[in-house]
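Overview (structure and organization)
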Amino acid sequence: MRRAVAVELEATKELNKLLYSVEAMYLSIVREVVAYAVEHNVTNPTQLHRLFYSKYRREYPSLNSQLVIQAIRQSSEIAKSFIEKKRRGLASKPYPEVKAVSIRFVETTWNYEQFASSIAPVRIVISPISTGKRGRGGRRFEAWLRLHKRFWQYWWRVLNGEAELAGTLIVKRRANKWYAVFIFEVKPREAKPQSVVSFDINENTVAVGRVNLPSTVDRVAGWNRQYMVPELYTIKTDFGRLARRYGRIRDTITERLKPLYTLPNGNHVNIADTREYRKRVKHLREKNRKIGRVRHVANELIKTPGIIITEELGENPQESMINGIGRDELRHRIKQTPFKSIEKAVEDKALERGSRVFHVSAYRNSRVCPIHFTRLEGTSDWHTLQCPLGHLVDRDHASVMNMAWKLTPEAWAKGVWWDLKSEEMNWKAREGDSNPIIPYPIVQYLHAALKEFKASFEQSPAMLARGTPMNPAREANEDWARKPPTPHKAGRRPGMGLSIG
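Read on for a plain summary of the structure. Every value quoted in this text rests on a predicted model; they were computed, and no experiment measured them.

**A short note on the sheet that holds strand β10 (residues 306-311)**
- The strand order across the open sheet formed by five strands is β9-β8-β7-β10-β11, and the pairing between neighbours is mixed. Each edge of the sheet is formed by a strand with only one pairing partner; in this case those strands are β9 (231-236) and β11 (356-360). Neighbour-to-neighbour, the strand axes of this sheet turn through a mean angle of 25 degrees, independent of strand direction.
- Relative to strand β8 (residues 205-212), strand β7 (residues 195-201) runs antiparallel, the two being bridged by seven bridges. From the neighbouring strand, Val197 faces β8, where its bridge partner is Arg210.
- The strands touched by helix α13 (residues 339-353) are β7, β8, β10 and β11; relative to β11, the strand with the most contacts, the crossing angle is about 145 degrees.

Next comes the structure, spelled out in structure tokens:
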């Protein structure tokens with residue numbers, strides 16, 4: 001997996017002026033090649049290189065030849081992406097608008113070997129212009145780096161052999177400042193799972209169910225069953241409220257600009273297409289706030305290495321959710337909820353920290369009681385459902401618990417109707433019917449925890465932590481009455497004495 005780290009450059013006036021001119025030439029090449037590639041449907045970088053390399057070498061003799069090659073390859077990538085979006089109906093314009101580019105320097109155009117072999121690199125040397133024959137050779141310019149904590153974190157991994165520095169250096173401009181973007185090839189960590197986490201994404205919250213594996217197999221679990229109960233909690237994201245707030249702000253901007261764009265017949269032009277509207281809207285921080293909340297959710301879910309369970313959302317989950325919804329405001333809020341962004345961020349972080357992500361079916365997750373396997377009935381509160389056996393269930397918590405059930409040998413029970421009773425099922429005959437990718441000991445740990453969480457029909461309604469109290473002497477609180485937990489005997493509680501891995 002790859003990680004990119006941007007570091008600001010302390011460029012001199014000479015280098016700053018040179019980078020501006022190189023960026024202008026690089027951008028001109030990319031725009032022309034992209035327009036040709038889209039018009040003639042030629043996206044192969046080798047074919048584009050044969051067509052345009054000689055032309056731009058004559059047109060820009062001072063530009064390093066490797067930068068010309070990289071500009072043509074970048075044009076190929078942009079053209080491929082645009083054609084794919086146009087095929088899927090996501091692009092309405094005939095050609096892509098390339099407004100900015102990132103200049104790519106390969107190993108031979110910057111001091112890669114010297115930089116990679118250094119213990120504490122603090123500067124780079126680049127060769128953006130050519131001084132030799134046929135574009136070979138170049139004048140070298142030095143720039144110091146303003147390094148920060150994130151760079152040193154990944155550089156420490158390079159020194160330890162956990163990551164490698166890629167040979168391509170990207171230089172780009174943002175707000176009249178130049179940045180060097182280093183790409184690190186990070187090796188995925190391999191760690192023993194310590195927890196099983198299931199999460200469900202909603203409009204304003206993310207419901208989380210966590211089963212701690214070490215506490216599940218610890219001896220204290222036999223002493224007090226409350227340690228067997230999964231941890232259920234909610235992360236507040238407020239994506240729906242954020243979309244509603246920024247929707248009101250955009251509506252206010254539109255109303256203020258309408259008098260400026262009134263036609264003689266009394267109608268108005270499309271305010272969203274005007275330059276003044278885009279100028280004001282670009283200062284809103286809606287996107288940055290969403291990104292911050294998405295990363296917060298991902299970090300919370302991947303605190304410890306483990307198995308992450310979530311629903312299979314599909315490519316575009318919002319489209320299936322808004323079917324049959326007539327309210328424009330609700331449709332807008334659902335469209336603005338970043339379901340796939342959260343899923344992608346969690347998968348990305350999980351790979352880096354030694355966790356694994358598994359997707360399960362979304363079929364009836366929030367409509368089945370995870371304790372009794374019965375169909376939940378509605379109440380006056382849309383978010384709270386009632387089990388026929390006498391207790392209330394939060395539908396988000398039911399959803400995350402049923403996701404965890406789908407990894408156990410009883411997973412197939414969630415794919416059929418809810419009138420199948422647990423005592424009618426021959427679980428021994430179904431032993432091993434779980435996801436083959438997940439290690440079977442992990443499935444046994446999870447099944448043991450959920451088995452204690454599930455209630456028997458004879459003892460309904462269920463108490464989530466039904467068992468002996470923490471103090472064996474009840475209310476006496478006498479120290480001499482306490483005794484250490486005794487290990488379980490063989491065969492007394494299956495699946496509880498296994499070691500992780």
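**So, a positive patch on the surface**
- Positive charge collects at one region of the surface, where Lys99, Arg275, Arg278, Lys279 and Lys282 lie side by side.
- Mapped onto the fold, Lys282 is located in the loop between α9 (275-281) and α10 (286-301).

**Examining the packing of aromatic side chains**
- Under the counting rule described, the total for this entry stands at 14 aromatic pairs.
- Aromatic pair Tyr20 and Trp178: ring centres 5.4 Å apart, planes at 85 degrees, arrangement edge-to-face. Of this pair, Tyr20 sits in helix α1 (residues 13-40) while Trp178 sits in strand β6 (residues 177-186), placing them 158 residues apart in sequence.
- By relative accessible area, which is 3% here, Trp178 ends up buried.
- Ring geometry for Tyr56 and Tyr60: centres 6.3 Å apart, planes at 15 degrees, overall stacked.
- Residue classification places Tyr60 among the buried positions, given a relative accessible area of 13%.
- Taken together, the ring pairs in this structure connect Trp110, Tyr112, Phe115, Phe151, Trp152, Tyr154, Trp155, Phe182 and Phe184 into an aromatic cluster.
- Here the basic side chain of Arg123 rests over the ring of Trp144, its NZ or CZ set 5.7 Å away from the ring centre.
- Its end group placed over the ring of Tyr246, Arg245 keeps NZ or CZ at 5.4 Å from the ring centre.

What counts, and where the lines are drawn
- Residues numbered from 1 in each chain as written.
- Predicted model: local features only at pLDDT ≥ 70, side-chain atom pairs only at ≥ 80, totals over all residues.
- Heavy atoms only, no water.
- Pairing = 2+ DSSP bridges.
- Helix = DSSP H or I, 4+ residues; strand = E, 2+ residues; numbered from the N terminus.
- Axes fitted to C-alpha atoms, helices over the stretch in contact; angles between N-to-C directions.
- Contact = heavy atoms within 4.5 Å.
- Patch = residues over 30% accessible without salt bridge, like charges linked within 9 Å, V, L, I, M, F, W, Y side chains within 5 Å.
- Areas by Shrake-Rupley, 256 points an atom, 1.4 Å probe, with all protein chains shown as cover.
- Salt bridge = Lys/Arg side-chain N within 4 Å of Asp/Glu carboxyl O.
- Lys, Arg positive; Asp, Glu negative; His and termini not counted.
- Charge placed at Lys NZ, Arg CZ, Asp CG, Glu CD.
- Phe/Tyr/Trp six-rings, centres within 6.5 Å; stacked < 30°, edge-to-face > 60°.
- Buried < 20%, exposed > 50% of the residue type's maximum accessible area, 1.4 Å probe, protein only.
- Lys NZ or Arg CZ within 6 Å of the ring centre and 35° of its normal.

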